[in-house]
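# Coordinate analysis (summary)
Next come the chains, spelled out residue by residue.
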Number of protein chains: 2
Amino acid sequence: MGFKIGLLGLGTVGTGVGEIFANPKGRHPLLQELEIAKVGVRSLEKARSLNLPTEVLTTDLNAIVNDPTIDMVVEVIGGLEPARSLILEAIAQGKHVVTANKAVIARFGEEIFQAATQAGVYVMIEAAVAGGIPVIQPLKESLGANRIHTLIGILNGTTNYILTKMQQSGAAFDDVLAEAQELGYAEADPTADVDGLDAGDKIAILASLAFGGRIDLEQVHREGIRQVSAADINYAKNLGFVIKLLAIAKVPPTTAELPPPQLEARVHPTLVPVDHPLANVNDVYNALLIEANPLGQVMFFGPGAGAGPTASAVVADLINIAALLKTGIVANDPESSRIHPLLACSHQHYCNIAPMNDLVTRFYARFLTKDHPGVIGKLGTVFGNHGVSLESVVQTGIKAELAEIVVVTHDVQEGNFHQALDEIRQMEAISSIPSLLRVL
Amino acid sequence: MGFKIGLLGLGTVGTGVGEIFANPKGRHPLLQELEIAKVGVRSLEKARSLNLPTEVLTTDLNAIVNDPTIDMVVEVIGGLEPARSLILEAIAQGKHVVTANKAVIARFGEEIFQAATQAGVYVMIEAAVAGGIPVIQPLKESLGANRIHTLIGILNGTTNYILTKMQQSGAAFDDVLAEAQELGYAEADPTADVDGLDAGDKIAILASLAFGGRIDLEQVHREGIRQVSAADINYAKNLGFVIKLLAIAKVPPTTAELPPPQLEARVHPTLVPVDHPLANVNDVYNALLIEANPLGQVMFFGPGAGAGPTASAVVADLINIAALLKTGIVANDPESSRIHPLLACSHQHYCNIAPMNDLVTRFYARFLTKDHPGVIGKLGTVFGNHGVSLESVVQTGIKAELAEIVVVTHDVQEGNFHQALDEIRQMEAISSIPSLLRVL
């Protein structure tokens, strides 16, 4: 008895998956009951590192998801379409689906998981978040005894690489981005990565699992790292912080409802204390920190992208499905009550996401001021009027007749802080506010 | 439909388990289909923080494992007997078992898992290693696509707490141990912890899962931290290392057989470079670093002991079993082919463990020498004769007419190094060799 896999896409990840199946020895024995029967590609002519029988390759991806001999479909073509339609068609045909596509799951998860539940098939997404690090599984299974209240992740390898290099070299964002693009760590169009959209997709998926409700991606605050300058990284360092792009989802630790009444969900560059576990997660590595009751704090660390790590997660999902099929559970029976309750998605409600103005956090802000006497005093007064108390104020040297003032606040309500800033922007002495970052 | 649990033991962990069931809200919904029906305790009189109906408590633990209404037994009494016998009796009665007992599993795993396979029941052990950190699950499931070649763990919270405090305060081992005992971080008899036996049990369990074979505990080199002095920690610091008690199991990265032809399995205090991910795992925290192909390097970090974290792992296993039972898999049918293939243990062979003398590693050694001229030269000659090349030799101040010499070697074969030491001990100039540590 064996299971036939239809692989959609033979790019980096698809090739990684193929290589695991090409060398099953020393891996889980169940692998040898799985077979890559069809591989959908864009061109049959393209030279490939992976040796596959020509009859396995096809450019007709629809034929694969409609092939009655295929048991499981792996979607690693990426992008929204045709990925979404192919996944839905595979589900409609009663096939189990494994995907690494965070963009599709974050946007169309509701549609996809409803269809999967109806069809009695599994849709597995370990590879969609944090590459080879198991993060979906713990949220679905290993941490089920807990009330999870905080997720903090470094979930985008490209931005973590850029920030690490800026930290190490003191170079400017644009220069490091260009270098990352040459090395293939950043796309030609880096928007999804550097503007925090990719990390937003991922934290939305994790939050949905951790808090038992659907997440409206549009309500997730997504802020990228373009505004982070070498100057900020240097000031942060002197203050005892490193700057990381964090993806955060949290509820008050006392919350005991699923889904919770209200949820924070946000992605933004953040000052992280140097002795924090996430401060040492560098280069393209990812990490997810989870705080839960009664567990406390756990962290998962590893490679967040790349052919091998992502393929490792894809194939783990395939082995998992095969194991369940061998036990005789499921499938394809719409009435089936036998779908594994920890692996099926059953969220009915949307999570209510708190507006950013209600967020209580510490801020770091850098001001360029005309060197007027008493400008620090004026700043302090305005902040004070809006209930913003300052932890530190540092005035640094003059640049082109402008003095630089760096402010770190205590915990403040974001709305009050922005009101204060609006007023400060009107001050004659203030030339500009080049950066505004939150502090963990 | 619900499942009845028999809880053996109401100490720290048992109480932690009870508290999770007493407050199921906000945790996995499946929890509410599980019920603690019986709790076995030593004394019915003892006052307890947990409120349980009196009819639930009993001192007759055998009655619990023989109670036909009980579906799952949780063993958290610890120790070898009666834990082992109660587990085996529960299995014989067709009950699934969840245990946090690393000592029993490391010694009697073969007997227990064979009985479980015959009886068609699950024996789940997530809580037996690294407390609340999911480490058993990834080795059984999430990393199944990989060839695992290295496990390096900080798996004993007591010794990690002691070494961290020695590092921070410069205090001596005995003083910190006494403090740890007062704080309840160390047992009155600390042998199992400080002599590396507990960490040895745990790495044996992890290695068995990672490498697909049984481990003879007697063949695991177990060396504790009693010999680690404040002086060593200080020298290590100056050389750019921290000292950690590491539990290591590894095979050459090229190995592609399960079980591998030969395996390293050892526990010993180790000099870890300060920039290594494990160097910052402090206090009672545990961590497990896994290197695998094609995944690369992942690390799991979190609380390795304590009521909450351990109970989190115990209850996760209970939820997992309940989920499988709900899907209609198993149980109690000896002929059942429906046991989940990733969760059952099927190891037939023992791993062949390499003798320590074959180990290739770097060494740190501290010599007390009578301050003879040219003693360093003599040391160098003897090491050279045995093919031991030195990376650094530091002679430090005189203490009571004795000079202290600290040597760090390049990679050497352990056997050769010990031959050199035997010769060096004979040297008239050598007073003693107070410490001998390996370098990661």
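All values reported here derive from a predicted model rather than from experimental measurement.

### So, the overall build of chain A
- When helices and strands are tallied, chain A shows 13 helices and 17 strands.
- Scaling as 2.2 N^0.38, a compact globule of 440 residues should have a C-alpha radius of gyration of about 22 Å, and chain A matches this with 24 Å.
- Over its C-alpha atoms, taken along the principal directions, chain A stretches across nearly 80 × 50 × 35 Å.
- Buried residues in chain A amount to 60% of all 440 residues.
- Sequence-distant contacts in chain A: of pairs separated by 6 or more residues, those separated by 24 or more amount to 74%.
- Here chain A has roughly 16,400 Å² of accessible surface; of this, 50% comes from carbon and sulfur atoms.

### Details of the nonpolar core
- Within the largest apolar cluster, 168 residues are counted, with the highest numbers of intra-cluster contacts made by L151 and I162 of chain A together with L151 and I162 of chain B.
- Residues contacting L151 of chain B, with those up to four places away along its chain left out, are L139, I203, L206, A207, A210, F211, A247, I248, A249, L288, L289 and I290 of chain B.

### A closer look at the sheet that holds strand β4 (residues 72–75) of chain B
All names here are of chain B.
- Within the open sheet, the 6 strands sit side by side as β3-β2-β1-β4-β5-β6. Their pairing is parallel. Two strands lie at the open edges of the sheet, namely β3 (57–58) and β6 (123–124), each paired on one side alone.
- Relative to β4, strand β1 (residues 3–8) runs parallel, the two being bridged by 4 bridges. From the neighbouring strand, L7 faces β4, where its bridge partner is V74.
- Most of the contacts of helix α3 (residues 83–92) go to strand β5 (residues 96–99), to which it runs at about 155 degrees, and overall it touches β1, β4, β5 and β6.

### Some thoughts on the domain arrangement of chain A
Residue and element names in this part refer to chain A.
- Here chain A is described as being made up of domain 1 (3–132 + 307–327), domain 2 (136–303) and domain 3 (359–439).
- A C-alpha centroid distance of 27 Å is found between domain 1 and domain 2.
- Contacts between the two partners involve 17 residues from domain 1, matched on the other side by 13 residues from domain 2.
- When the two sides are added together, the surface that domain 1 and domain 2 hide from each other amounts to roughly 1,300 Å², 62% of it contributed by carbon and sulfur.
- Considering only the side of domain 1, the residues that lose the most area to domain 2 are K102, A106 and V129, jointly responsible for 36% of the buried surface there.

### Quick notes on the environment of D275 of chain B
Residue and element names in this part refer to chain B.
- Residue position: D275 is located in the loop between β10 (264–273) and β11 (285–293).
- With a relative accessible area of 68%, D275 lands in the exposed category.
- Note: C-alpha distance between D275 and R147 (128 residues apart in sequence) is 26 Å.

### Description of the interface of chain B and chain A
- On the chain A side, the residues contacting the 52 residues of chain B number 52 residues.
- Between chain B and chain A, the buried area comes to about 4,500 Å², and carbon and sulfur atoms account for 59% of it.
- Ranking the residues of chain B by area buried against chain A places R27, A145 and T327 of chain B at the top, with a combined share of 13%.
- Linking chain B with chain A are 16 residue pairs in polar contact (both at pLDDT 80 or more).
- For the side of chain B that touches chain A, the elements supplying multiple residues, two or more each, are α5 (136–142), β11, β12 (296–303) and α11 (307–326) of chain B.
- Here the side of chain B that touches chain A gets 10 residues from one element, more than from any other, and that element is α11 of chain B.
- For the side of chain B that touches chain A, a count of residues per class yields 25 nonpolar, 19 polar and 8 charged.

Calculation rules
- Throughout, residues of each chain are indexed from 1 in the direction in which the sequence is written.
- Written order determines the labels here, with chains lettered from A and ligands numbered from 1.
- Where local features are concerned, this predicted model is filtered to residues with pLDDT of at least 70; where side-chain atom pairs are given and counted, the filter is 80 or more; whole-chain, interface and lining totals use all residues.
- Heavy atoms from the whole structure form the basis of all side-chain values; hydrogens and water molecules are not counted.
- A run of H or I in DSSP becomes a helix once it reaches four residues, and a run of E becomes a strand once it reaches two; helices and strands are each numbered from the N terminus.
- Here the globule rule is a power law, 2.2 Å times the number of residues to the power 0.38, and the radius of gyration is based on C-alpha atoms.
- In this scheme, a residue with accessible area under 20% of its type's maximum is buried, one over 50% is exposed, and one in between is partly exposed, where area comes from a 1.4 Å probe on protein chains only.
- The contact criterion used throughout is that any non-hydrogen atoms of two residues lie within 4.5 Å.
- Here the open area of atoms and residues is found with the Shrake-Rupley method and a 1.4 Å probe, where only the protein chains shown may cover a residue.
- The set of buried Ala, Val, Leu, Ile, Met, Phe, Trp, Tyr and Cys residues whose side-chain atoms join them within 4.5 Å is what this entry labels a nonpolar core.
- Two strands qualify as a pair provided DSSP detects at least 2 bridges between them.
- Working convention: axes come from line fits to C-alpha atoms, limited for helices to the stretch in contact. Angles between N-to-C directions cover 0 to 180 degrees.
- Domain delimitation in this document rests on an assignment produced automatically or drawn from a domain database.
- When two parts are put together, the accessible area they lose, computed with a 1.4 Å probe and summed over both, is reported as buried area.
- Any N or O atom pair separated by 3.5 Å or less is treated as a polar contact, with the protein-specific requirement of one donor-capable and one acceptor-capable atom, and with residues adjacent in sequence counted only for side-chain atom pairs.
- Classification used: nonpolar for Ala, Val, Leu, Ile, Met, Phe, Trp, Tyr, Cys and Pro, charged for Asp, Glu, Lys and Arg, polar for all others including Gly.

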